[in-house]
Amino acid sequence: MPNEEQDAIAHLLKVEEEAAELIVQAQEESDKEIAAARAKADSEYNQKYESMASQMESDYKNKVAAIEENHKKQLEEYKAKVEQTPKDVDAFNKLLERIF
């Protein structure tokens, strides 16, 4: 009997050892899958981030260019309007005489 008990205990220990080994293998496989999924997710995130950043930068540059063009146009219109305004030199000279 003692031999049978030892054999049973040895068998159970062997089964437990195999189960522990299976758990370790499963954990290693799980870690690999998680790492691969994380790398893929990071890669997709970086691609989308770069794409969005590039698009936003392009939009910004286009808007700045449009604003600068509009500003330049308004400034030229203002200069033309000022240049077209008739000058009353006599009234200006009289104002200067009154001030000084």
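Quick caveat, the model's predicted, so the values are computed rather than measured.

Caption draft 1: Main features of the overall build of the protein. What the protein contains, in helices and strands, is two helices and zero strands. The globule rule puts the C-alpha radius of gyration for 100 residues at 13 Å, and the 42 Å found for the protein is more than 25% above it. Taking the principal axes of the C-alpha coordinates as reference, the protein spans close to 135 × 30 × 10 Å. Put simply, the protein has 100 residues, and 0% of those count as buried. Surface summary for the protein: the accessible area is close to 9,900 Å², and the carbon and sulfur share equals 57%.

Caption draft 2: Region of the structure containing the environment of Ile34. By the element assignment, Ile34 lies in helix α1 (residues 2-84). Distance from Ile34 to Gln84, taken between C-alpha atoms, is 74 Å for residues 50 residues apart in sequence.

Caption draft 3: How the structure looks around the pattern of salt bridges. Scanning the entire structure with this criterion turns up one salt bridge. The partner of Lys61 in a salt bridge is Glu57, with the nearest N and O atoms 3.4 Å apart. Taken together, the residues Lys61 and Glu57, both in helix α1 and four residues apart, mark about one turn of the helix.

Caption draft 4: How the structure looks around a negative patch on the surface. A contiguous patch of negative charge on the surface is contributed by Glu16, Glu17, Glu18 and Glu21. Take Glu16: it is sitting in helix α1.

Caption draft 5: Representation of a nonpolar patch on the surface within the structure. A cluster of nonpolar side chains, contributed by Phe92, Leu95, Leu96, Ile99 and Phe100, occupies part of the molecular surface with about 560 Å² of accessible area. Considering the arrangement of structural elements, one finds Phe92 in helix α2 (residues 89-99).

Parameters at a glance
- Residues numbered from 1 in each chain as written.
- Predicted model: local features only at pLDDT ≥ 70, side-chain atom pairs only at ≥ 80, totals over all residues.
- Heavy atoms only, no water.
- Helix = DSSP H or I, 4+ residues; strand = E, 2+ residues; numbered from the N terminus.
- Rg over C-alpha atoms; globule rule 2.2 N^0.38 Å.
- Buried < 20%, exposed > 50% of the residue type's maximum accessible area, 1.4 Å probe, protein only.
- Areas by Shrake-Rupley, 256 points an atom, 1.4 Å probe, with all protein chains shown as cover.
- Salt bridge = Lys/Arg side-chain N within 4 Å of Asp/Glu carboxyl O.
- Patch = residues over 30% accessible without salt bridge, like charges linked within 9 Å, V, L, I, M, F, W, Y side chains within 5 Å.
- Lys, Arg positive; Asp, Glu negative; His and termini not counted.
- Charge placed at Lys NZ, Arg CZ, Asp CG, Glu CD.

Structural measurements only, silent on function.
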